[in-house]
Amino acid sequence: MKLAIAQTEIYFENQTKNLIIAADWIAQAAHQNADWIIFPETSFTGFSMHTDITIPLADMAIQAMQKLAKKYHIAIGFGVMKKADCISHRQCANHYLVVDSSGNILTDFTKLHPFSSTGEDKITQSGNNIVTGTLSGIPFSTLICYDLRFPEVFRIAAQRASLILVPANWLAKRHAHFSILLRARAIEQQVYILGVNCTGTQEGNHFLGGSCFWNPEGKALLQCDDKPQLQIVEWVDDVAAYRSSFSCFYDARIADYANWLAGIGSKKTALREDIPKNS
C-alpha cells in the first residue's frame, strides 16, 4: 500500500483555505498513485474550541472529502469537530473519519481522551469505542493525539489492526514526546504506527510537525521535519509474520489486565484527589 502523509500547516478556523490546500495535495497524492492520504487532527479548522464555528463546518468538510475521494479514486483520512450525539453540556465531539476511494465512510472514530489541559474536555464529548476498518485488505484503527498517552487503548486496537493511525495537533512544547511515544507503541504492540501532526501556529499555539511512521521493530519508515510537506511511503503488512517470529504480543495477559484495572477502579478517586490538575 502507498500512504500519503499530509503534514499541513492548518490555518486556524479558515476551512475554505485549508480545503483548497487539501484538494491540491489530494490531487498530487493521487498523481503519485497513493492509495490513501492522511491529514492531521481537526484537519480544516485547527484545534478550535469555538464550536459555533467548527460544528457548522463539519458536514461541509465531510462532503468535500467524499467528493474528492471519488474524483481522484483515493481514500482519505481527516478530522472534524461534529455536534455531540447526546444531550449534555458538552457540545461537540472530536471525530476522525476515513472514506474510501468511492467516497464511502469506512470508519468514524471519536477521540477517547479530550485534552483537559486546554479545556477540550469541558466542551467535547468523549468517545466510547475503538473502531477498526479495512482498506485494501489491511485492518486499521484510529486514535487521536492525546489518546497516545494511554497505552491501554493501543493494546486493544492492536488486537485487530495492523496499522494504527494517530492524527494530531501535537504542541511544540512537548514535541519530543510525540515521536518517542509513537515508536514505543509500535514496539510494545508489534504494529505499524503512523503519527500525522500539523505545523505552524494556531491562536498562539505552535506545532512542529514531526510526522513519522514506525514498523513493529521500532524502525522509522518515514520521519518529517517541521515544514509542511506531502510524503509518500510504501509498505507491506507483515504484522502477523513479525508477531509469529517474536511472540511477546501473544504473551500478553489481557484478561488479567482488565481484572487488575477493575480492582483499582474503586480507588481511583482516592488515589488522585490530592494530585494537582496539571502535575
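Residues numbered from 1 in each chain as written. Predicted model: local features only at pLDDT ≥ 70, side-chain atom pairs only at ≥ 80, totals over all residues. Heavy atoms only, no water.

**Let's talk about the nonpolar core**
- Leu-3, Trp-36, Leu-163, Ile-164, Leu-165, Leu-194 and Phe-213 are the most contacted members of the largest nonpolar core, which totals 46 residues.
- Core analysis: the second largest hydrophobic core is formed by 24 residues, Phe-39, Ile-74, Ile-76 and Val-99 among them. (Core = buried A, V, L, I, M, F, W, Y, C linked by side-chain atoms within 4.5 Å. Buried < 20%, exposed > 50% of the residue type's maximum accessible area, 1.4 Å probe, protein only.)

**Some details on the pattern of salt bridges**
- Scanning the model with the defined rule gives six salt bridges in all.
- A salt bridge links Glu-120 to Lys-111, with the shortest nitrogen-to-oxygen separation between them at 2.9 Å. The same class applies to Glu-120 and to Lys-111, which are both buried.
- Each of Glu-41, Lys-111 and Glu-120 takes part in one network of salt bridges that share partners. (Salt bridge = Lys/Arg side-chain N within 4 Å of Asp/Glu carboxyl O.)

**So, empty space enclosed by the protein**
- Taken as a whole, this structure holds one cavity of 30 Å³ or more when the rule is applied.
- Considered as a void within the structure, the largest cavity measures approximately 40 Å³ in volume.
- Lining the largest cavity, in full, are Thr-8, Glu-9, Asn-18, Ile-21, Ala-22, Phe-39, Ser-43 and Phe-44.
- Residues that form the lining of the largest cavity fall into these classes: four nonpolar, three polar and one charged. (1 Å grid on protein atoms, 1.4 Å probe; cavity = no way out; pocket = protein on both sides within 12 Å on 5 of 7 lines; lining within 4 Å. Points joined across faces, edges and corners; volume = space filled by probe spheres on them. Nonpolar A, V, L, I, M, F, W, Y, C, P; charged D, E, K, R; others polar.)

**Here we look at the layout of surface pockets**
- Space inside the second largest pocket adds up to approximately 340 Å³.
- For the lining of the second largest pocket, the residue count by class is nine nonpolar, seven polar and six charged.

**Here we look at the packing of helix H1 (residues 15-31) against helix H2 (residues 51-72)**
- Where H1 meets H2, the axes come as close as 11 Å, and the angle between the chain directions of the two elements is 20°. As summarised for this structure, H1 and H2 are arranged roughly parallel, according to the angle between their axes. By crossing handedness, the relation of H1 to H2 is classed as right-handed. Judged by residue contacts, Gln-15, Leu-19, Ala-23, Ile-26, Ala-27 and Ala-30 of H1 engage Leu-57, Met-60, Ala-61, Ala-64, Met-65, Leu-68 and Tyr-72 from H2.
- In terms of residue class, the contact of H1 with H2 is made up of twelve nonpolar, one polar and no charged. (Axes fitted to C-alpha atoms, helices over the stretch in contact; angles between N-to-C directions. Helix = DSSP H or I, 4+ residues; strand = E, 2+ residues; numbered from the N terminus. Parallel < 35°, antiparallel > 145°, perpendicular 65-115°, else oblique. Left-handed = near helix turned anticlockwise from the far one by under 90°. Contact = heavy atoms within 4.5 Å.)

**Observations regarding the side chain of Thr-199**
- Mapping Thr-199 onto the fold places it in strand S11 (residues 199-202).
- On the accessibility criterion, Thr-199 (1% relative accessible area) is buried.
- With residues near it in sequence (within four places) discarded, Thr-199 still touches Gln-7, Thr-8, Glu-9, Ile-10, Phe-207, Gly-209, Asp-226, Lys-227 and Pro-228.

**Digging into the packing of aromatic side chains**
- Tallying each qualifying case throughout the model produces eleven aromatic pairs.
- Taken together, a centroid distance of 5.8 Å and an interplanar angle of 50° make the contact between Tyr-257 and Trp-260 tilted. Of the two residues, Tyr-257 and Trp-260 are both situated in helix H7 (residues 254-265); the distance of three residues between them amounts to about one turn of the helix.
- Overall, the relative accessible area of 32% leaves Tyr-257 in the partly exposed class.
- Judged by its relative accessible area of 47%, Trp-260 falls in the partly exposed class.
- Among the aromatic residues, those joined into a cluster by ring pairs are Phe-39, Phe-44 and Phe-78.
- Above the plane of the ring of Tyr-11 lies Lys-17, whose end atom (NZ or CZ) is 3.9 Å from the centre.
- It is Arg-243 that lies over the ring of Phe-249; its NZ or CZ is 3.5 Å from the centre. (Phe/Tyr/Trp six-rings, centres within 6.5 Å; stacked < 30°, edge-to-face > 60°. Lys NZ or Arg CZ within 6 Å of the ring centre and 35° of its normal.)

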